[in-house]
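Survey of secondary and tertiary structure
As a plain string of letters, each chain reads:
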Amino acid sequence: MNRRILRRLFSNLMVALMIGAVVVALLPLFFILLDLVAKGASSLSFDFFTKIPAPAGESGGGVAHAIVGTLLIVGVASLIGLPLGIAAGIYCAEYPGSRLTWVTRFVADVMNGTPSIVVGVFAWAWIVATQKHFSALAGSAALAMLMIPMVLRTTEEMIKLVPNSLREAALALGYPRWRTNLTIVVRTTLPGIVTGSLLAVARVSGETAPLLFTALGSQYLSFDLNQPMAALPLTVFTYATGPYEEWHRYAWAAALILILVVFVLSLGARLATRQRFTLNG
Amino acid sequence: MTTTLSGPGAPERVGLDAPPSLERASYGDTVFRALLTVAALAVPILLAFLVYELWAGSRLAIDKFGLDFVTSSTWDPVAEDFGAFPLIFGTLLSSVVALVIAVPLSLGVAIYLVEFAPKAARQPVAFLISLLAAIPSVVYGLWGIFVLIPLLRSSVFPFLRDVFGFLPFFQGPIYGPSMLAAGIILAIMIMPYVMSVSREVLLAVPDTQREASLALGATRWEAVITAVVPYARSGIIGAVILGLGRALGETMAVTMLIGNRHEVAASLFAPGYTMAAAIANEFSEAVGDMHLAALAYVAFLLFVVTVLVNAGARLLIWRVARGSGAGSKAL
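Residues numbered from 1 in each chain as written. Chains lettered and ligands numbered in written order. Predicted model: local features only at pLDDT ≥ 70, side-chain atom pairs only at ≥ 80, totals over all residues.

**Here we look at the overall build of chain B**
Secondary structure assignment for chain B yields 12 helices and 2 strands. Moving toward the C terminus, one meets the helices and strands of chain B in the order α-α-β-β-α-α-α-α-α-α-α-α-α-α. Contacts in chain B between residues far apart in sequence, at least 24 positions, make up 76% of those at least 6 positions apart. (Helix = DSSP H or I, 4+ residues; strand = E, 2+ residues; numbered from the N terminus. Contact = placed C-beta atoms within 7 Å.)

What follows is the structure in structure tokens.
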């Protein structure tokens, strides 16, 4: 009798410890978000979004150059990475027996685990070293390379959820395979593909490591993809590790913008699939 | 592009006398499949290209240092003598520290969410923790520099030194930026990955395991620890290794917190360096060809290690959750 009570107590103790683990796990999230708002929000102003940085040591200025840079670099990366990733994902889902599917899927898994800094070195060796100068384009190439495997795998998983009867119905009505694919299968999974794409965009928007020696960063507003360009994550890094108090405040504000962008994209991704599929995760 | 027709299931012979509509349809199919095949082929080609570029970039260093690179501790850009041992040591140590902190926490959370938590709380808590994975690395670094390190330096590190000072890990001067600071931030960063994969693996354990154990009179905790966790063991190990893969390659937050010194120290309070951090810091400023090649060599090694680690993790996860898709979402 006594032992049973002890065992019951021990069970409850372990549950209490696990609740403790949940609390400890949630604390960093809470504090990071709190600190970002507390230290970053006060520096946000109209100027912060519309001006480029003041010369070092002077006050004022903003991060317009980095916002434009992030939009351009991530935009170009998406133009390259999303179509490629989605098309390869459709291939893997539609031709599951092919050997290429096996290879591509395996390679995508390998690439998913590749550290982003290694991809940065690759983009450097491929583009920067041959062109002999840093460029935003090289940064976009690195980010695209990171997006492809993520988009590929989500696209594939989503398409596999489409019941075969839909395909068969379309084919039975005399649709050619490509029209079945595009108008029935892809159309049905569109929300899922949008989700995967948005998540990939959100993830690479925050990437710093692959941009360090490709896009490099800059203090000026630039639209030239062939030149070094600023980006929000790079700005956070430079300002956070810089010597000036003012820079540190700007780093917090830039990080706040960055995280808002990432969270809005991630939330959008979740909403896109809410009604059709339950992804739970 | 003619090769695209040779795969299984490709529309092969289309008779010249086929009805026009059918011919057009198969023509569309051919083009469609060709386009998709090009995209699917591009992925392995890109990876092969990546491996080639890393190898080509580091050839100078591979030729000069060979495998001694892994064991040598000198890092002298002026004399062009390089060895990556402190980097490899730092990468492993910071990852191990991260795992020691993150694994018990993530497993606790995962088990609680799958087995004990009230139904209504499961999804929201899992969602909140997955938000941790969405925070960019550089933001962790920023928070680490200005919030975590001051906190560690003023209270946590002195406390550890007072209580556990007899261990070699907790001795020596306290700077702030250190192996332990990097390990802690890494722990926070890999926790969502380990948690979500172990959760999926635990969800894949059949209910009969739990029911059988409870029917024999086990308490709920005993049922979990004797019947559920052992069933999911290799999947959980896979989740942990996946976390390890993440920790090995993490760059920005570590660069900002680890102190960046090419040294091997037993104390976790001492600054160190990791492979990824060295590349991040030195690559754009490297002038000599040999310095660049040495850094590319480091990148090459890092790539090989993470590929091996991830492949191992995936194999283990597949073994438990074959078919249920677990692990694929946590990439």
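Additional details are given in the paragraphs that follow.
**Some thoughts on the overall build of chain A**
Looking only at helices and strands, chain A has 10 helices and 0 strands in total. Seen in sequence order, chain A has helices and strands lined up from the N terminus as α-α-α-α-α-α-α-α-α-α. Projected onto the principal axes, the alpha-carbon positions of chain A cover approximately 70 × 70 × 35 Å. By the burial criterion, 52% of the 281 residues in chain A qualify as buried. Contacts in chain A between residues at least 24 apart in sequence constitute 73% of all its contacts with a sequence separation of at least 6. (Buried ≥ 20, exposed ≤ 12 C-beta atoms within 10 Å, placed from the backbone.)

**As for the domain arrangement of chain A**
All names here are of chain A. Along its sequence, chain A is organised into domain 1 (2-43) and domain 2 (48-273). For domain 1 versus domain 2, the separation of C-alpha centres amounts to 33 Å. Residue-level contacts link 6 residues of domain 1 with 8 residues of domain 2. Of the residues belonging to the side of domain 1 that touches domain 2, the class tally is 3 nonpolar, 2 polar and 1 charged. (Domains from an automatic or database assignment. Nonpolar A, V, L, I, M, F, W, Y, C, P; charged D, E, K, R; others polar.)

**Notes on the interface of chain B and chain A**
With 76 residues of chain B at the contact, the number on the chain A side is 80 residues. No other element matches the 19 residues that helix H1 (residues 20-65) of chain B contributes to the side of chain B that touches chain A. Residue composition of the side of chain B that touches chain A, grouped by class: 50 nonpolar, 20 polar and 6 charged.

**What to know about the domain arrangement of chain B**
Residue and element names in this part refer to chain B. Splitting chain B by domain gives domain 1 (2-65) and domain 2 (70-320). Taken over C-alpha atoms, the centre of domain 1 sits 38 Å from the centre of domain 2. The interface of domain 1 with domain 2 comprises 9 residues on the first partner and 10 residues on the second. Tallied by class, residues from the side of domain 1 that touches domain 2 come to 6 nonpolar, 2 polar and 1 charged.

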